[in-house]
Amino acid sequence: MTDNISAGPHAPDAPSPADGYVGDPEVRAEWDNRYADRQQLWSGRPNGALVAEVAGLTPGRVLDVGCGEGADAVWLARAGWDVTAIEVSGVALERAAGHARDAGLTVRWVHAALTEAALPTASFDLVSAQYPALLRTPDAAAEKALLAAVAPGGVLLLVHHAGMDTQPAHDSGFDPADYVWPSMVAALLNDDWEVEVDEQRPRVAPDGGAGAHHSDDLVLRARRLR
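Being a predicted model, the structure only gives us computed values, none of them experimental. (Residues numbered from 1 in each chain as written. Predicted model: local features only at pLDDT ≥ 70, side-chain atom pairs only at ≥ 80, totals over all residues. Heavy atoms only, no water.)

**Student:** Account for the overall build of the protein chain, naming residues and giving values.
**Tutor:** Regarding its fold elements, the protein chain presents six helices and eight strands. Listing every helix and strand of the protein chain by position from the N terminus yields β-α-α-β-α-β-α-β-β-α-β-α-β-β. Evaluated residue by residue, the protein chain yields a buried proportion of 51% over its 226 residues. Surface accessibility of the protein chain: about 9,800 Å² in total, with carbon and sulfur atoms responsible for 48%. (Helix = DSSP H or I, 4+ residues; strand = E, 2+ residues; numbered from the N terminus. Buried < 20%, exposed > 50% of the residue type's maximum accessible area, 1.4 Å probe, protein only. Areas by Shrake-Rupley, 256 points an atom, 1.4 Å probe, with all protein chains shown as cover.)

**Student:** I'd like to hear about the packing of helix H1 (residues 25-36) against helix H4 (residues 90-102), residue by residue, with values.
**Tutor:** The interhelical angle for the contact between H1 and H4, taken along N-to-C directions, is 55°, at an axis separation of 7 Å. Accordingly, the angle class assigned to the pair H1 and H4 is oblique. On H4, the residues touching Asp-32, Tyr-35 and Ala-36 of H1 are Gly-90, Val-91, Ala-92 and Arg-95. Residues of the contact of H1 with H4, tallied by class, amount to four nonpolar, one polar and two charged. (Axes fitted to C-alpha atoms, helices over the stretch in contact; angles between N-to-C directions. Parallel < 35°, antiparallel > 145°, perpendicular 65-115°, else oblique. Contact = heavy atoms within 4.5 Å. Nonpolar A, V, L, I, M, F, W, Y, C, P; charged D, E, K, R; others polar.)

**Student:** Describe the nonpolar core, and please don't skip the residues or the numbers.
**Tutor:** One broad trend across soluble globular proteins is that nonpolar side chains are buried collectively. Among the nonpolar cores identified, the biggest contains 27 residues, and Leu-76, Trp-81, Val-83, Val-107, Trp-109 and Leu-126 are the most heavily contacted of them. Among the elements of the structure, helix H2 (48-54), helix H3 (71-78), strand S3 (82-87), H4 and strand S6 (150-161) are those that each provide at least two residues to this core. Core analysis: the second largest hydrophobic core is formed by 22 residues, Phe-124, Ala-142, Leu-189 and Leu-220 among them. (Core = buried A, V, L, I, M, F, W, Y, C linked by side-chain atoms within 4.5 Å.)

**Student:** Residues and numbers for the confidence of the model for the protein chain, please.
**Tutor:** Counting all residues, the mean pLDDT for the protein chain is 87, and 85% of those residues have values of 70 or more. Of the regions scoring below 50 in pLDDT, residues 1-18 engages in 107 contacts with residues more than four places distant in sequence or in other chains. (pLDDT = per-residue confidence, 0-100.)

**Student:** Describe the packing of aromatic side chains, with residues and values.
**Tutor:** Enumeration according to the criterion identifies one aromatic pair in this entry. Seen from their ring centres, Trp-31 and Tyr-35 are 6.5 Å apart, and the 45° between their planes marks the pair as tilted. Of this pair, Trp-31 and Tyr-35 both sit in helix H1, four residues apart, which is roughly one turn of the helix. Just as Trp-31 is buried, Tyr-35 falls in that class too. (Phe/Tyr/Trp six-rings, centres within 6.5 Å; stacked < 30°, edge-to-face > 60°.)

**Student:** Outline the pattern of salt bridges, supporting the account with residue identities and numerical values.
**Tutor:** Proximity of charged atoms lets side chains of opposite charge pair with each other. Under the defined criterion, the tally for this structure stands at 10 salt bridges. A salt bridge links Arg-221 to Glu-53, with the shortest nitrogen-to-oxygen separation between them at 3.2 Å. Placement of Arg-221 in strand S8 (residues 216-224) and of Glu-53 in helix H2 is noted, with a sequence separation of 168 residues between them. A residue is classified by how much of its surface remains accessible, and Arg-221, at 14% relative accessible area, is buried. A relative accessible area of 11% places Glu-53 in the buried class. Asp-82 serves as the salt-bridge partner of Arg-108, at 2.4 Å between the closest nitrogen and oxygen. Of the two residues, Arg-108 is situated in strand S4 (residues 108-111) and Asp-82 in strand S3; the sequence distance between them amounts to 26 residues. (Salt bridge = Lys/Arg side-chain N within 4 Å of Asp/Glu carboxyl O.)

Encoded structure:
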């Protein structure tokens, strides 16, 4: 569906997909199957909106939500960030850890759903969610988890495909109403937050990989003031 997905508990340098996963096993199985169907699902390059928005930030602690095969996590680590990357698919995490190992980089891999992850609150200088498939719940658990992870002074960067949120339900079973979109997160921002970017823009898309046909991004960048 997207360029990344969601995930969660601490795993050290390499994930152990067979053990310790916290989250809905059906969601994990669905995404494991999607990754297993192809040797490489995404382009292997960092997302363009991430590269553009992070350019002026001082590297610190970053949470990569829905890290997929690890392109963003590896890019961030290479740029000097202390990276924690979470993902529901064990297949994707194995690939991501392999890419980081090959690059000689250290990333903390977390195998769980975002809403189930034992993540430290208010401790990340950047929380990046690039095209995440976060399931919507009546209590806005995923939206609140994104906001809760950001440290005072830190930035939440949420990027999604423009237009997907208004599509009708597909015969395949995909219903936009089931997922979290940037507008839902923006609606929860209070005076503790400053919105720095909230716009639709042409997508800088990596060549190849699933999702490459999407032409525009929705970009929400908000800074936590306190």
